[in-house]
Amino acid sequence: MTNKNGIIALTIVIALISVYNLSFTFVSRNFKSKAVAYATDAKGEVDLTKKQHYIDSLWREEVYLGHTLQEVTERELNLGLDLQGGMHVVLEVAPADILKGMAGGNARSVAFQNALKKAGEDKSANNSTFINRFVTAYKEAAPNTSLASVFATSANRGKINSNSSDSDVIKMLNTEIDGSIDRAFQITQARIDKFGVTNPNIQRLPGQNRVLVELPGVDNPERVRRLLSGAAKLEFAEVYLTQELGAGLEGLGRYLTQQAELEKAAKKTAAPGAATASTDTTKKSTEGGLAAQLAQKSDTTKTDSAALAAQSAALTSLFVPMPQGLGVYLKDTARASQILSRPEVRSLFPADLVFMWDRKGTEAGGNQLILPLYFIKKTNGEAAMEGDVIVNANHDYDDRGRPEVTMQMNGEGARKWRSLTARSVGRPVAIIIDNLVYTAPTVQGEIPNGNSSITGSFTVEETKDMANVLKAGKLPAPTHIVEEAVVGSSLGAEAINDGLWSSAVGLLIVLVFMVAYYNQAGWIADIALLINLFFLLGVMASLGAVLTLSGIAGIVLSIGMAVDANVLIYESIKTELAGGKPFAQSIRDGFKHSLTAIIDSNVTTLLTGIILYTFGTGLVLGFATTLVLGLLTSLFSAIFITRLLLEQKLKNGKTFAFTNTLTKNWFQDNHFDFVSQRRRFYVISAAIIAIGVGSFIFKGFGLGIDFKGGRSYVVRFENNVDADALRTNMDEVLGSTTEVKTFGGQDQVKITTAYLIEDTTPEADQKAELKIIEGTKKIANNPAKIVSSNKVGPTMAKDTLWSAVYAVLLALAANFVYILIRFKRVAFSYGAVMSLAHDVVIILAIFSLFNGWLPWSLDIDQAFIGAILTMIGYSMNDTVVIYDRIRDYLADEKSRGQNLSTVINNALNSTLSRTAVTGISVILVLIVLMIFGGAVIRGFTFCMLLGVIVGTYSSLFVAAPIVVDLLQRSKKNEPAVAVAADATAVAATKKVKA
């Protein structure tokens, strides 16, 4: 083995990196456990506020190797929503709403409205943007009307005018659409901060006007819907200065001092039975006359320097003086908010004062973060101005080259802005969005015309972001939730349990099988597999990947498929040993001769995994992530780790067995005649496909909400429930046909409905949930609760369907091209793609025929497409190994003089051991996933199980025979000879069998 020392060094480095990155997970989980223990009372109930306070107090403190708890948490191996509960949301910025805002009154025309409607419905030209579809539709409806006459409004002054060409208008519209999506993304990021979620995932989906949001641990979906939906509210407000609030701040200091004294007294007098009394006293003092006590300013208080010092200390123990007001350390913000919201504290300050936090913190010493607190002036709850008066805002540079923001207002805004700036000279004016202060620049002088510039110590990125925020007031395009999934924490805990069981049992079965089949060599393969698993988790932690339930399925399946590389190596070594070569030479040659097949087979699966990763979301994306990473780590482990372990054994002068008494003669000297029977199998496959096509026509498919849109709820009852009776109840309540299926047990069902799916308001989601609950209550003496929910809007469903079709076609095309490049003959590419198409149609046939008959979902959804693509990868893996052996046999000198059918039969027989061992390993793993993996992925696993069986069948009886037919047909003078050769081969085979 060349570069052995380098491989050892690389292995050590990868192992150390894996240990280092995985250690953050253990440290983070340890602190979370401590937080739970700290917040758990004598009854075993967890106080969530107390738990969060514990975490906040350490959030910016160094807790591990110089890293703060925040950094440790960000670097842990994160769990997906399906494993810890939470909410997944896809927000869409509707381009139609933006175009309406830009067209102003012109949007009311019939032609404009019809063009908007047609652009939204026409998805046939899927590569076309919404703007292009709108323009095409508008030109059809109003052929003699220029776009400038529609969009050259006062709101767009300076960008286009009445003489602008259509191309200039289209360019402007596309720019505004992109800007609106960027603004929606930034506003969503700011809104997410309100949830206090650890490691939220927020990303703009590439090439789409959508934003993906994942919030682990969120347990109030209604609050999330309300805060994420709708247009952002932009406001301009005056700010109180700290010197104007001396009396209130002095009173706040007295309040905090008294609170501290009460708490101290309660601790001193704490005794059995006394704690309650102390607590009650504190509560009464804060509820009753404390405000009056604080308002009293006796001469003693004014002159008592010790008391003033105590008040000042109490105030600064929580609040930090800052130029714009006060600040609070991030770890104390929850406590500060709680204190400031108390009526007795509110009464100390002016009635029009509102406490408001800055959107981002200020770095302080010692890794601490201070969040500025502003004293905002709002008369009757209204700010001085709102953002709808802004015409435009841009990033620019001032005369000294510093980044700045410029903004222009309409006439009404200019009048209000002049008045506001006139009375605020030398004072800050806060720019607020969604009740968070983005900036509070100081007014230098009265601004009469509505044209302003905001300067300061900004970076270019900050001014660009601020300009986008200001534009949000100009085009208040609301975001709509087009896809949503809510997973309850209890379901997440069960998913973890199911995932761990499936992983442990699946891994154990594979390890035992390898030892049972390969004897001592099986132990070495097992060690390599365990190292592979360790490396895989380490790489996932290093890359910040999220572990999901489907990801666990991907890990277990990748372990099963990792066996394939070891099997190819071991079978090649066994062949070398059977040829009489020395043991050490057999190992070297076995690795060398199996390398091509290993790389080819894994590359095809890797291509499919990358396509899954590119097109997939949710369950499919989680599976693809671990599948791709698992393939890479398994290749490294099989090719290098296994060889290092084998050579270490040899170095110690030991030999070892690759078989045992039971398996020694398995798959040896096989002479199955695959080729001559090909037409029989063509007929069998054609018959199954014909039955399937009939089922497609007359029965159809059960489409999941991913592809048809709708709402689905997983509902758990205390006792077993009759799905048919529940379906009747749901039809009555919802007033439409409802689908109710048993899901994971007789006490749990999945309810699917299209109720209010066109309504994108948060109220519709709440109303739908209440209707589901109403329907479940009709089942007497059997309480129920919703443990998870999912919603997919019609436009999202249509886009998902098209993406799925593209993904499958792209997978077929990618594999066709790769096979053509590697095998240099179109016959091999055609054979591979035809067998893959055969597999897909047969799986579809089974899902159509048996839908409604099996106790798990056979819906065609994203999970099904993921399983289909995975099956394509596995089937191609199997086919490539066979093709690789066929290519070797065709080039072998020993095959000279043999007819094509004999050569290919010999090649197929020589790969049977590998096909069987790998197939059995993967099938065993998938059966474990079916049993232990949980209801969420059972249909997904069933599809892959069918895929392995059908894929193995097609590799032997479809892909290879097609190659025979095409290669024979490509030779002009061969048909007659080939037929005679086939007859001779059949006779020879029958003679051998006899």
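Here the structure is a predicted model, which means the values were calculated and not measured.

Once that is clear, we can look at helix 33 (residues 912-932). Compared with an ideal rise of 1.5 Å per residue, which puts 21 residues at 30 Å, helix 33 spans 30 Å between its outermost C-alpha atoms and is within 8% of the ideal. In terms of residue burial, helix 33 counts as a mostly covered element, since 15 of its 21 residues are buried.

Our focus in this paragraph is the pairing of strand 16 (residues 429-433). Of all 5 residues that make up strand 16, 5 are buried, and the element is covered over most of its length. Alternating positions in strand 16 separate into two faces, Val429, Ile431 and Ile433 on one and Ala430 and Ile432 on the other, with burial throughout. As defined by bridge partners, strand 7 (residues 234-239) adjoins strand 16 across 5 bridges and the pair is classed as antiparallel. The residue bridging glutamate 238 from the neighbouring strand is valine 429, located in strand 16. For strand 16 and strand 17 (residues 436-439), the ladder comprises 3 bridges, and the chain directions are antiparallel. Considered in strand 17, the bridge of isoleucine 433 is made with leucine 436.

Neighbouring strands of a sheet are bound in pairs by backbone hydrogen bonds; such pairs are parallel or else antiparallel. The antiparallel open sheet is built from 8 strands, whose spatial order is 5-6-4-19-24-21-23-22. Pairing within the sheet leaves two strands with one partner each, and these edge strands are strand 5 (201-204) and strand 22 (739-742). Recorded for the sheet is a direction-independent mean angle of 20 degrees between the axes of neighbouring strands. The pairing of strand 21 (residues 710-717) with strand 24 (residues 784-792) spans 8 bridges and is antiparallel. For arginine 711, the partnering residue across the bridge sits in strand 24 and is lysine 791.

A surface patch of like charges, here negative, comprises Glu61, Glu62, Glu71 and Glu74. Structurally, glutamate 62 can be placed in strand 1 (residues 62-64). The class of glutamate 62 is exposed, set by a relative accessible area of 53%.

The next point concerns the environment of histidine 671. Here histidine 671 is to be found in the loop between helix 24 (619-651) and helix 25 (678-698). Residue class for histidine 671 comes out partly exposed when judged on its relative accessible area of 43%.

Before going further, it helps to examine unusual backbone geometry. Trans is the prevailing form of peptide bonds, just as negative phi is the prevailing case for residues other than glycine. At asparagine 781, a position not held by glycine, the phi torsion is positive, near 55 degrees. Look at asparagine 781 and you get exposed, because its relative accessible area is 74%.

Taken as a whole, the protein chain shows an average pLDDT of 78; of its residues, 83% reach a score of 70 or greater. Taken element by element, the protein chain is modelled with least confidence in helix 12 (residues 274-287), mean pLDDT 38, and with most confidence in strand 10 (residues 353-357), mean pLDDT 90. Across residues 271-303 the pLDDT falls below 50, and counting only partners more than four positions away or on other chains, this stretch makes 29 contacts in the model. Contacts of residues 972-994 to residues separated by more than four positions or lying in other chains number 15 contacts, the stretch itself having pLDDT below 50.

Looking now at the side chain of serine 28. Within the secondary structure, serine 28 sits in helix 1 (residues 4-39). Not counting the four nearest positions on each side in its chain, serine 28 is found in contact with Val72, Thr73 and Glu76.

Before going further, it helps to spend a moment on the nonpolar core. Counting 67 residues, the largest nonpolar core has Ile843, Phe847, Ile872, Tyr883 and Ile904 as the members making the most contacts within it. Taken together, the elements giving at least two residues each to this core come down to helix 23 (583-615), helix 24, helix 29 (794-823), helix 30 (826-849), helix 31 (862-891), helix 32 (900-910), helix 33 and helix 34 (938-970). It is helix 34 that provides the largest number of residues to this core, a total of 15 residues. Excluding anything up to four places from it in sequence, phenylalanine 847 contacts Leu858, Asp859, Ile860, Phe864, Gly939, Phe942, Cys943 and Leu946. Core analysis: the next-biggest nonpolar cluster, separate from the first, contains 46 residues, Phe513, Leu568, Tyr570 and Ile598 among them.

Inspection of every chain in the model, using the stated rule, returns 19 salt bridges. A salt bridge links glutamate 76 to lysine 32; the nearest nitrogen and oxygen atoms lie 2.8 Å apart. Of this pair, glutamate 76 sits in the loop between helix 3 (69-74) and strand 3 (78-79) while lysine 32 is found in helix 1, placing the two residues 44 residues apart along the sequence. For glutamate 76, a relative accessible area of 3% puts it in the buried group. Residues joined by salt bridges that share partners form a network here, namely Arg29, Lys32 and Glu76.

Reading the values: the criteria
All chains use their own residue numbering, which begins from 1 and follows the written sequence. Predicted model: local features are reported for residues with pLDDT of at least 70 only, side-chain atom pairs are reported and counted for 80 or more only, and whole-chain, interface and lining totals are derived from all residues. Excluding hydrogens and water, the side-chain values take into account all heavy atoms of the structure. Only DSSP runs of H or I with at least four residues qualify as helices, and only runs of E with at least two residues qualify as strands; both kinds are numbered from the N terminus onward. Under the convention used throughout, the expected extent of a helix is 1.5 Å for every residue step, that is, one less than its residue count. Burial classification: accessible surface area is computed with a 1.4 Å probe over protein chains only, and a residue below 20% of its type maximum counts as buried, one above 50% as exposed, and the rest as partly exposed. At least two DSSP bridges between two strands are required for those strands to pair. Note on geometry: axes are C-alpha line fits, over the in-contact stretch for helices, and angles between N-to-C directions span 0 to 180 degrees. For patch detection, residues must exceed 30% relative accessible area and be free of salt bridges, and they are connected within 9 Å for like charges or within 5 Å for nonpolar side chains (Val, Leu, Ile, Met, Phe, Trp, Tyr). The protein chains shown are the only cover counted for residues, whose accessible areas, like all others here, come from Shrake-Rupley with a 1.4 Å probe. Salt bridges are defined by distance alone: a side-chain nitrogen of Lys or Arg within 4 Å of a carboxyl oxygen of Asp or Glu. We count Lys and Arg on the positive side and Asp and Glu on the negative side, and we leave His and both chain ends out. A charge is said to be at NZ when it belongs to Lys, at CZ for Arg, at CG for Asp and at CD for Glu. Here pLDDT means the predictor's own confidence in every residue, given as a number from 0 to 100. By definition, residues are in contact when any of their heavy atoms lie within 4.5 Å. Only buried Ala, Val, Leu, Ile, Met, Phe, Trp, Tyr and Cys residues count toward a nonpolar core, and they belong to the same one when joined by side-chain atoms within 4.5 Å.

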